[in-house]
Amino acid sequence: MQKILTVEHVEKYYGNKGNLTKAVDDISFEVEKGEFVGIMGASGSGKTTLLNCISTIDSATAGHIVIDGMDITKLNSRKLSKFRREQLGFIFQDFNLLDTLTAFENIALALTIVKTPVGEIDVRVHQVAKELEIEDVLKKYPYQMSGGQKQRVASARAIVTRPALILADEPTGALDSKSSRMLLESFETLNSNLQATILMVTHDAFTASYCHRILFIKDGRIFNELVRGEDTRRQFFNKIIEVVTLLGGDNSNVL
Amino acid sequence: MFFKLALKNVTKSIRDYTIYFLTMTFGVCLFYMFNSIDSQKAMLNISAVQNKSMEMLTQSIGYVSIFISVILGFLIVYANRFLIRRRKKELGIYMTLGMEKGKISRIVVLETFFIGVFALAMGLVVGIFASQWLSVVTAKMFEVSMKAFQFTFSFNAFYKTLLYFGIIFLIVMIFNTISISKLKLIDLLTDGKKNEKLKIKRLWISVVLFLVSVVCLGAAYYFINKNGMLEVNGMFTASIVLGCVGTLLFFLSLSGFLLRVVQANKRLYYKNMNMFILRQINSKINTTFVSMSVICIMLLVTIGTLSTGMGLADVLTKGVKESTPYDLTFSYEYQRDNTKTPINDIAKKMEDDKIDLGRYAREYAQLNYYSSDLKYGDFHFDDSLLRQYFGYDQIKLVNKYPMPIISLTDYNRAAKMQGKPEISLKDDEFAVNCTLYQFQPAIESFLKNSGKIVLNGKQLTTAGKTAYRTALQTSMSQTDSGTLIVPDAMINSLSLQTEVLNVNYKVGVNEQELLQKLETVYSEDAVESGKIVRPYDMELSRALIFEQGAGLKTVVSYLAIYIGLVFLITSAAVLALQQLSEASDNAERYGLLQKLGAEESMVNRALFSQIAIYFFIPLSLAIVHSYVGIRVANNVVQMLGHLDIMGNTLFTAMIFLVIYGGYFLATYFGSRSMIHQRQN
């Protein structure tokens, strides 16, 4: 299998010598093409910092991050922008749709940024919209849509440029359970039908249970790794809960 | 504690305040500068006439200053509303911490006070120095020499500035307190997340509205062109109303219309950030269309006053050389009422009254105007030639006037004094003199086509196909709208209208001495009591007219610059503040673009386009408005003389380039740093 993402001994420190915070402390892992990987951890565990480093929004203090054969820790800001728009797709917790644009235009915006030929834009937007079942909201503005629809539009925007890696930061964080389920099923479809590689950060066990593999992070380090394998989603969910309890249990020991 | 907080807030957000601060400083500086003109007299060698012009200047600037301070007051109130909006989150935090609204408004009032004091102090200092430079310009405009340079400080202007701006700031503080008392905590904290509801939901409506606005503007242009500016009637009012409505509709519908048009062309719509930019503008149009319209109209006033005002000033003085062929002209209106008796020979009457005209005059000649029942209307001038310059009502009025008549001898004597060729006429011939160029085509067309008149039952034929262009007396501007020259024999049967005596001085004569002598002999008292008859109603000297002209020129051009500049900085500042406050609201949107991988240069370009559109669309419409307006206004100005449009337009364009362009760039760089600051 082709490796899409390789994270090698990545560290991210904040503060100065006297008062050092290790948000990410020597993390290494790999993601292969077509995988659906989750990163779990409590608030403050460093999972979002790690995602920011991978997504090139933030830069790592040490270590290497290789995406699709390119070491992004060695790119300058201009190349980073280019890399970001060509290789990465983003899904944010609060959707981050432009309220001035319609759903169609929000999706098309990502294509115009990568300078897709105009003739292709219509076709590709409709293609993704069909896959995510949002064809009927394409003409609506974000304020006319439900949260679930918004997040699926945001997902469509992330996938439409055919990125090597999709990064989702708490995508279900602002959704009710029904919308969450629909969104995650969409992710599964994207993953299985389009071979999209997805890296999702979440602290919700239900959301995480849709992944193939989960990395648990605590205090900036990888604490555990869980692979779904042949388990059903319910079995996998129970395993996740066990680990989460263990993670939480540590806390109760402190108390 | 609050004092400290307010002071800290001001110094901390100095960058947000920069444009507001500089605008106010500039406003204060202009205010002081123009109001301090009075005190600059101390530096100049000015005559009594010029002193009068100065007084007129000071007075008119005083009146205009009231108007100006109202405009600046609006700007400051408006700017403060923006600054409060920009800081909603901060104020919200104060409130969540339990600070009362009263205390919050005290902080804001204190801040306003600090900024006001800084701006006032700064503006006054700059103004005091700039007014020194202005006095040099004044000296040049008045065409007088400066005694010796001395540093002047006008206490009057100083107190006036303090008073006017003090009142403005007091009003601003009241407004701020009111607007803070109306704030709700929930709005303060969630501000910026709420979407503006679009007034025009469907895009095709904006297309229709846009077409309506174009029709309105077209009609307004047509009416003002047809009607001109001199007659305030239904058509004139309709033109103004249609113009305003058209402008409002134009800005209300423009963004929707553009969106529709560009959307139709997918290639353009999906190119670069076009989609984003157009949607950005369309999303704010509800709140901005009114201010855009007001700004457009203010820019129109700016362009109008700067170019026509300056043009008018030029015209007022340029024509003077041609309209003053003699050193001194006395005129005596005989027919005004029946109590007067004809003088017949003004010079002789003066000699009789012991005024030795010969001591001063190298030459002089009398010229008598007569009138008959021959009116302008009797010439049946080609209306279409007059219509270029006059309205219907004016032509009707002119047609009722009798055309003045002079004798051949009088004309030749007047021409000889100017070194112009003498003319000759046969017994049944006449000629026409005309210096007002608006009448020349109509008169000459008459001479070519008909060329015959009947005067007291006798038919006369024209001696030539063109009219003579000799100024027959010294006056403020050319006034001869057509004078018949007839053989001397014809005069006897006509009634005397006006007597004129033109005088040229000997070399080195002191004019003041002559005028003073006349003043003493024909003093107001002596004439009133009937002891003596003054053989003239009015005397006009070339030197005096030149001085007055220079004074008038200064008054008009100073007022134009004063009003123009204040309007310009006000509209530019409003635009800048709008865009800056929008940039802080939009930082998130631009941030998202960057997260999606748009390069910094691409984001900057989008920002640049957005701000450029906001700045230059009102300007463009204002330019179109003023093109039409100035053309019509020129017709009025041209009645007074020829106008150098190019020069004034260039001057106006330069001022715009520097001030408006400066505001634009400052806004762009300010917004840019605001957006990138948010990212880091």
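Everything numeric in this text was worked out from a predicted model, so none of it was measured.

> An account of the overall build of chain B is needed here, citing residue identities and associated values.
Summing up its helical and strand segments, chain B has 24 helices and nine strands in all. Each of the three principal axes of chain B carries a C-alpha extent, and together these read 100 × 60 × 40 Å. Residue burial in chain B is summarised as follows: out of 680 residues, 41% are buried. A separation threshold of at least 6 residues defines the contact pool for chain B, and within that pool the share at least 24 residues apart is 87%.

> Can you break down the overall build of chain A residue by residue, with the values?
When its secondary structure is counted, chain A shows eight helices and 10 strands. For chain A, the C-alpha radius of gyration of 18 Å lies close to 18 Å, the compact-globule estimate for 255 residues. The dimensions of chain A, computed from C-alpha atoms along their principal axes, are 55 × 45 × 35 Å. Nonlocal contacts in chain A, meaning residues at least 24 apart in sequence, comprise 70% of its contacts between residues at least 6 apart.

> Lay out the UniProt feature "domain: ABC3 transporter permease C-terminal" (unreviewed entry) in chain B in plain terms, naming residues and giving numbers.
UniProt tags residues 64-183 of chain B as "domain: ABC3 transporter permease C-terminal" (unreviewed entry). Here residues 64-183 of chain B is 83% helix and 0% strand, with 36 Å between the C-alpha atoms at its ends.

> Give a detailed account of the UniProt feature "domain: ABC transporter" (unreviewed entry) in chain A, specifying residues and quantitative values.
Sites flagged by UniProt as "domain: ABC transporter" (unreviewed entry) map to residues 5-244 of chain A. Between the end C-alpha atoms of residues 5-244 of chain A there is a gap of 25 Å, over a span that is 38% helix and 27% strand.

> Before we move on, could you go through the environment of Phe114(B) and cite the residues and values that matter?
All names here are of chain B. You can see Phe 114 is positioned in helix H5 (residues 101-141). As a C-alpha pair, Phe 114 and Ile 297 span 183 residues in sequence and 32 Å in three-dimensional space. Here Phe 114 is in contact with Ala 6, Leu 7 and Val 10, once residues within four sequence places are set aside.

> I'd like to hear about the interface of chain B and chain A, residue by residue, with values.
Chain B puts 16 residues into the contact, and the matching count from chain A is 20 residues. Those elements that place two or more of their residues in the side of chain B that touches chain A are helix H10 (266-269), helix H11 (274-318) and helix H22 (542-595) of chain B. A breakdown of the residues in the side of chain B that touches chain A according to their chemical character gives six nonpolar, four polar and six charged.

> Tell me what's going on with the environment of Gln473(B), and back it up with residues and numbers.
Residues and elements named next belong to chain B. Mapped onto the secondary structure, Gln 473 falls in the loop between strand E6 (458-462) and strand E7 (483-486). A tally of 22 C-beta atoms within 10 Å means that Gln 473 is categorised as buried. Sequence separation between Gln 473 and Gly 234 is 239 residues; the distance between their C-alpha atoms is 39 Å. Beyond its immediate chain neighbours, meaning those up to four positions away, Gln 473 contacts Tyr 326, Thr 329, Ser 331, Val 500 and Asn 502.

> Give a description of the nonpolar core that names residues and reports values.
Ranked by size, the top nonpolar core spans 191 residues in total, and within it Ile107(A) and Ala573(B) carry the most contacts. When residues no more than four places from it in sequence are discounted, the contact partners of Ala573(B) are Ile19(B), Tyr20(B), Thr23(B), Leu75(B), Ala79(B) and Tyr663(B). Core analysis: the next-biggest nonpolar cluster, separate from the first, contains 45 residues, Tyr334(B), Val432(B), Val500(B) and Val503(B) among them.

> Lay out helix H1 (residues 47-54) of chain A with the relevant residues and their values.
Residues and elements named next belong to chain A. Burial within H1 is extensive, with six of its eight residues counted as buried. Turning to H1, its buried residues are Lys 47, Thr 49, Leu 50, Leu 51, Cys 53 and Ile 54. Just downstream of H1 lies Thr 56, where phi reads positive at about 65°.

> Got a sec to walk through the domain arrangement of chain B? Specific residues and values, please.
We note that the domain assignment places domain 1 (1-194) and domain 2 (326-539) within chain B. Placing a centre on the C-alpha atoms of domain 1 of chain B and another on those of domain 2 of chain B gives a separation of 55 Å.

> Please set out the pairing of strand E10 (residues 221-227) of chain A residue by residue, giving values where relevant.
Residue and element names in this part refer to chain A. Sheet topology note: the strand E9 (residues 213-218)/E10 ladder contains six bridges and is antiparallel. Within the sheet, the bridge partner assigned to Ile 214 lies in E10 and is Leu 226. Remark: two residues form the turn of the hairpin made by E9 and E10, two consecutive strands paired antiparallel; Asp 219 in that turn has positive phi of roughly 50°.

Definitions and cut-offs
- Residues numbered from 1 in each chain as written.
- Chains lettered and ligands numbered in written order.
- Predicted model: local features only at pLDDT ≥ 70, side-chain atom pairs only at ≥ 80, totals over all residues.
- Helix = DSSP H or I, 4+ residues; strand = E, 2+ residues; numbered from the N terminus.
- Buried ≥ 20, exposed ≤ 12 C-beta atoms within 10 Å, placed from the backbone.
- Contact = placed C-beta atoms within 7 Å.
- Rg over C-alpha atoms; globule rule 2.2 N^0.38 Å.
- UniProt positions renumbered as here; feature names shortened; annotations may be inferred.
- Nonpolar A, V, L, I, M, F, W, Y, C, P; charged D, E, K, R; others polar.
- Core = buried A, V, L, I, M, F, W, Y, C linked by C-beta atoms within 7 Å.
- Domains from an automatic or database assignment.
- Pairing = 2+ DSSP bridges.

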